[in-house]
Amino acid sequence: MPRRCLLSAAYTDARIWEQRRPDPQNLAELASQMDRCYDRKFPVSSLSVARFVDNITSREEIDQAEYYLYKFRHSPNCWYLRDWTVHGWVRQCLKYGGKDKAVHTLKNKVQYGIFPDDFTLNLLIDTFLKEKNYKEACSVVEEAMLQEAFDRPTTQILSLYALSKYLAAKPELSWQEQRSVGASLYLAGLGRQDPVGLSAQSMGCAMLGKIEMSRGIHAVFRQMPLMWTHGYLGRSLAAMEKVSAGAGDVKLSKDVDLSSSTSSDTHEEGQGSESDTVGSTLTEEDEQERSKLPEYAKRFKELSSRLQTEGKVDPAGLEALASGLAEGQLKEAEGPDVAQYEQRVRDWEDERMQLIQREKESREKAEEERQARSLAKAVV
Amino acid sequence: MVKKKRLRLIADMARKIRAYRELKNRPRPCERFALDYDTMTRPFTGKRLPPLAWEDVRRETRLFSLLAALRVFGVGRLFTRKSWLEEHAEPCYWRVTRVKIDYTAENMDHGTAWGILTFRGKAEGAEREIDKAMYHDWRLVPRHEEGRFARFEPQAEQPVRCVPYPPLLRAMLLAQGAEGEPALPLARHVLLSKDYFRKQELERQGRKQAGTPV
């Protein structure tokens with residue numbers, strides 16, 4: 001059976017991108033020009049970096065481009081790094097086999113300034129999914145979560161698919177990895193009201209609640225786009241209640257299981273590893289949350305039995321639900337995305353032409369001024 | 001009458017060069033606000049941070065550490081301070097509008113930012129420089145919680161309570177000819193407050209810019 005659960009060829013087609021007007025430049029010349037500018041402390045324009053990235057033709061040049069992106073980020077013009085440069089960089093990395101480089105720059109986005117938009121993130125996740133490298137796909141989803149880039153349905157579907165496949169393999173996760181996977185599940189599911197979304201929200205909040213109970217709320221929201229109010233287990237149970245209160249056949253996956261989070265084992269393992277962390281004193285509010293643990297356990301048991309009796313528990317796991325969703329809805333979600341992308345490429349092209357024009361004009365003006373000055377000197 | 005002032009051209013030139021060099025080599029934000037986390041001292045001034053702040057400095061983050069990790073340096077996002085969360089029940093936040101990053105910092109961790117403050121539910125009109133950006137106190141408001149966080153219904157202003165005067169004072173006021181029962185309003189009129197001095201400063205600056213009317 002052909003797998004249509006990943007992005008179709010029309011989405012990943014590089015034809016629209018390749019059809020832009022080529023601007024051939026000698027890379028060595030550009031590189032030496034940029035080096036001279038940096039030595040003399042002149043500002044380097046975003047156009048030179050864009051040209052460098054556009055004219056990459058081999059894997060070694062990807063490494064050089066990475067160096068120049070780093071230097072540009074640490075120059076006064078770092079704010080002006082263009083969207084099309086970032087998009088072009090990711091496309092070139094994928095074309096010349098530099099996927100690990102792309103992920104490396106994405107992970108160190110503070111140092112390289114690579115903040116890809118939703119379309120580019122979709123492309124990256126998709127290449128990893130097609131290779132079945134679910135671990136790398138999940139790391140890209142984690143970056144998308146840190147940028148809160150789950151606006152589009154395509155990103156939501158792809159990330160839920162990647163996360164469900166990763167979790168189905170039941171890997172051993174440290175608490176930081178659990179926190180990022182939980183947060184990605186929660187934020188990816190937040191936009192959707194269907195069974196996959198609500199189950200993902202519930203599962204994500206359950207994982208975050210487990211960490212909250214063992215290490216305190218501060219460990220949960222530190223350097224994450226999450227809210228600092230207590231009660232992540234409560235949010236998880238609220239998602240389950242929404243399922244039971246909702247009409248229709250919204251079903252919750254059987255994978256949603258808070259019993260591991262609500263058992264007292266988490267309490268002991270949290271205390272054991274707390275001796276490693278420096279001065280992680282739990283505040284009074286954390287202690288209050290912990291005392292609510294048996295209440296959460298009770299609520300979970302009665303909610304799950306209620307959902308069972310109402311017939312709202314789907315025997316399929318999250319993985320099957322996510323693949324079903326991907327097969328069903330990905331195609332129609334792709335359409336508006338592709339149209340928007342085409343429009344955006346056209347806008348980027350106009351901007352690029354404008355920049356080239358402006359650079360040519362300023363160069364001509366500088367030439368004229370220099371000629372006028374040399375004429376004046378010759379006359380004198 | 002007065003002896004003619006000597007033209008010290010070289011001294012003037014030296015003064016200008018010294019002023020220019022001072023301007024060029026003024027300390028960058030990343031140097032000024034660098035912090036040694038083990039000894040809690042700032043290497044630039046050599047001063048130690050107050051002990052009550054040490055725990056916060058270890059746990060929380062500075063504003064620019066959060067801004068560096070966001071798209072477009074977090075322009076348009078809401079940021080709160082932990083001390084505001086604890087002190088005031090109403091929402092207090094900064095909405096960032098402009099960012100100037102200090103590019104010499106290694107993690108793009110320092111700089112100056114401008115934004116619009118909403119303090120205790122009341123938004124100010126114009127953008128201002130975000131002060132205390134280097135304090136280890138800042139939190140990012142996630143986008144899915146922005147609506148709920150910023151929601152604020154201002155309560156109707158309660159009328160000022162009035163209380164009867166003490167008997168001797170009341171007798172004095174009635175003797176002086178007060179109509180009816182004199183009541184003491186329980187409200188403080190603070191003349192010399194922060195707002196007063198700020199307004200004075202703005203007026204003075206406004207007058208300086210206007211210049212002397214001809």
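Residues numbered from 1 in each chain as written. Chains lettered and ligands numbered in written order. Predicted model: local features only at pLDDT ≥ 70, side-chain atom pairs only at ≥ 80, totals over all residues. Heavy atoms only, no water.

Peer 1: Could you give an account of the interface of chain A and chain B, naming the residues involved and the relevant values?
Peer 2: Taken together, the contact between chain A and chain B spans 31 residues of the former and 26 residues of the latter. When chain A packs against chain B, close to 2500 Å² is buried across both sides, 56% of that on carbon and sulfur atoms. The interface formed by chain A and chain B includes three salt bridges. As a salt-bridge pair, Arg77(B) and Glu148(A) come within 2.5 Å of each other at their nearest N and O atoms. The tally of links between chain A and chain B comes to nine residue pairs in polar contact (both at pLDDT 80 or more). Listing elements by their share of the side of chain A that touches chain B, those giving two or more residues are α8 (109-112), α9 (118-130), α12 (175-190) and α14 (217-221) of chain A. (Contact = heavy atoms within 4.5 Å. Buried area = accessible area lost by both parts, 1.4 Å probe. Salt bridge = Lys/Arg side-chain N within 4 Å of Asp/Glu carboxyl O. Polar contact = N/O pair within 3.5 Å; in protein donor to acceptor, adjacent residues only side chain to side chain. Helix = DSSP H or I, 4+ residues; strand = E, 2+ residues; numbered from the N terminus.)

Peer 1: Quick one: what's the story with unusual backbone geometry, residue by residue and with numbers?
Peer 2: In the Ramachandran plot, Lys132(A) falls in the positive-phi region, its phi being about 60° despite a non-glycine side chain. Its location among the elements puts Lys132(A) in the loop between α9 and α10 (134-146). Within the chain, Met40(B) stands out as a residue other than glycine whose phi angle is a positive 55°. Summarising the element assignment, Met40(B) is placed in the loop between α2 (29-32) and α3 (54-59).

Peer 1: Quick one: what's the story with the pairing of strand β3 (residues 111-119) of chain B, residue by residue and with numbers?
Peer 2: Here is the key point about a regular strand: its side chains alternate between the two faces of the sheet. Residue and element names in this part refer to chain B. Where strand β2 (residues 93-101) meets β3, eight bridges bridge the pair, whose relative direction is antiparallel. From the neighbouring strand, Lys100 faces β3, where its bridge partner is Thr112. Inspection of the sheet shows β3 paired to strand β5 (residues 128-129) by two bridges, in the antiparallel sense. Looking at the pairing, Gly115 lines up with Arg128 of β5. As defined by bridge partners, β3 adjoins strand β4 (residues 122-123) across two bridges and the pair is classed as antiparallel. By the bridge assignment for β4, Thr118 is matched with Ala123. If you look at the hairpin formed by β3 and β4, you'll find two residues sitting between the two strands, and Arg120 has a positive phi there, around 50°. (Pairing = 2+ DSSP bridges.)

Peer 1: With reference to specific residues and values, describe the packing of aromatic side chains.
Peer 2: The geometry of an aromatic ring pair is captured by the separation of the ring centres together with the interplanar angle, meaning the angle of the planes. All names here are of chain A. Under the definition given, this model contains twelve aromatic pairs over all chains. Measuring from ring centre to ring centre gives 5.2 Å for Tyr67 and Tyr68, while their planes differ by 65°; the resulting arrangement is edge-to-face. By relative accessible area, which is 43% here, Tyr67 ends up partly exposed. Measuring from centroid to centroid gives 5.6 Å for Trp79 and Tyr80, while their planes differ by 80°, and the two rings are edge-to-face. (Phe/Tyr/Trp six-rings, centres within 6.5 Å; stacked < 30°, edge-to-face > 60°. Buried < 20%, exposed > 50% of the residue type's maximum accessible area, 1.4 Å probe, protein only.)

Peer 1: An account of the pattern of salt bridges is requested, with residue identities and associated values reported.
Peer 2: Enumeration according to the criterion identifies 39 salt bridges over all chains in this entry. For Lys82(B), the salt bridge goes to Asp56(B), with nearest N and O atoms at 3.0 Å. Linking Lys82(B) in helix α5 (residues 82-87) with Asp56(B) in helix α3, this pair joins segments that are 26 residues apart in sequence. Judged by its relative accessible area of 23%, Asp56(B) is partly exposed. Note that Arg204(B) and Glu201(B) form a salt bridge whose closest N and O atoms lie 3.7 Å from each other. With Arg204(B) and Glu201(B) both in helix α8 (residues 194-210) and three residues apart, the pair spans about one turn of that helix. Taken together, the shared-partner salt bridges connect Arg59(A), Asp63(A), Glu66(A), Asp100(A) and Lys101(A) into one network.

Peer 1: Provide a residue-level description of α9(A), including the pertinent values.
Peer 2: All names here are of chain A. Look at α9: 18 Å from first C-alpha to last across 13 residues, which is about the 18 Å you get at 1.5 Å a residue. On the buried face of α9, the contacting elements are α1 (9-12), α6 (83-95), α7 (99-107), α10, α11 (153-168) and α20 (318-379). Lys132 occupies a position one or two residues after α9 and carries a positive phi of about 60°. (Expected span 1.5 Å × (residues − 1).)

Peer 1: I'd like a description of the nonpolar core, backed by residues and values.
Peer 2: Side chains that are nonpolar tend, in soluble globular proteins, to be buried together. In this structure, Trp89(A), Leu129(A), Leu185(A) and Leu226(A) are the most contacted members of the largest nonpolar core, which totals 94 residues. With eleven residues, the top contributor of residues to this core is α20(A). If we ignore the near neighbours within four places in the chain, the residues touching Leu226(A) are Ala183(A), Tyr186(A), Leu208(A), Val220(A), Phe221(A), Tyr232(A) and Pro142(B). (Core = buried A, V, L, I, M, F, W, Y, C linked by side-chain atoms within 4.5 Å.)

Peer 1: Which residues make up the packing of α10(A) against α12(A), and what values do they have?
Peer 2: All names here are of chain A. At their nearest, the axes of α10 and α12 sit 9 Å apart, and the two run at 65° to each other. Crossing angle aside, the handedness with which α10 passes α12 is left-handed. Note on element contacts: α12 touches α10 through Ser180, Ala183, Ser184 and Leu187, opposite Val141, Glu142 and Met145. For the contact of α10 with α12, the per-class residue count stands at four nonpolar, two polar and one charged. (Axes fitted to C-alpha atoms, helices over the stretch in contact; angles between N-to-C directions. Left-handed = near helix turned anticlockwise from the far one by under 90°. Nonpolar A, V, L, I, M, F, W, Y, C, P; charged D, E, K, R; others polar.)

Peer 1: Let's hear about a negative patch on the surface: which residues, and what values?
Peer 2: Residues and elements named next belong to chain A. Side chains of Glu361, Glu364, Glu368 and Glu369 sit close together on the surface and give a patch of like negative charge. Among the secondary structure elements, Glu361 is positioned in helix α20. Given a relative accessible area of 44%, Glu361 falls into the partly exposed group. (Patch = residues over 30% accessible without salt bridge, like charges linked within 9 Å, V, L, I, M, F, W, Y side chains within 5 Å. Areas by Shrake-Rupley, 256 points an atom, 1.4 Å probe, with all protein chains shown as cover. Lys, Arg positive; Asp, Glu negative; His and termini not counted. Charge placed at Lys NZ, Arg CZ, Asp CG, Glu CD.)

Peer 1: Mind laying out the confidence of the model for chain A, listing which residues take part and the relevant values?
Peer 2: Close inspection of predicted coordinates is inappropriate in any region flagged by low pLDDT. Looking at chain A as a whole, the pLDDT averages 82, with 88% of positions reaching at least 70. Below a pLDDT of 50 lies the segment residues 264-280 of chain A, which in the model reaches 14 contacts outside its immediate sequence neighbourhood of four places, other chains included. (pLDDT = per-residue confidence, 0-100.)

Peer 1: I'd like to hear about the packing of helix α3 (residues 27-39) of chain A against helix α5 (residues 59-73) of chain A, residue by residue, with values.
Peer 2: Geometrically, a packed helix pair is captured by the angle between its two axes and the distance between the axes. Residue and element names in this part refer to chain A. It is at 12 Å that the axes of α3 and α5 come closest, and there the two elements cross at 25°. Here α3 is positioned roughly parallel relative to α5, judged by the angle of their axes. As for how α3 packs across α5, the hand of that crossing is left-handed. Taking contact as the criterion, the partners of Leu27, Ala31, Met34, Asp35 and Tyr38 in α3 are, on α5, Glu61, Tyr68, Lys71 and Phe72. Residues belonging to the contact of α3 with α5 are distributed by class as follows: six nonpolar, no polar and three charged. (Parallel < 35°, antiparallel > 145°, perpendicular 65-115°, else oblique.)

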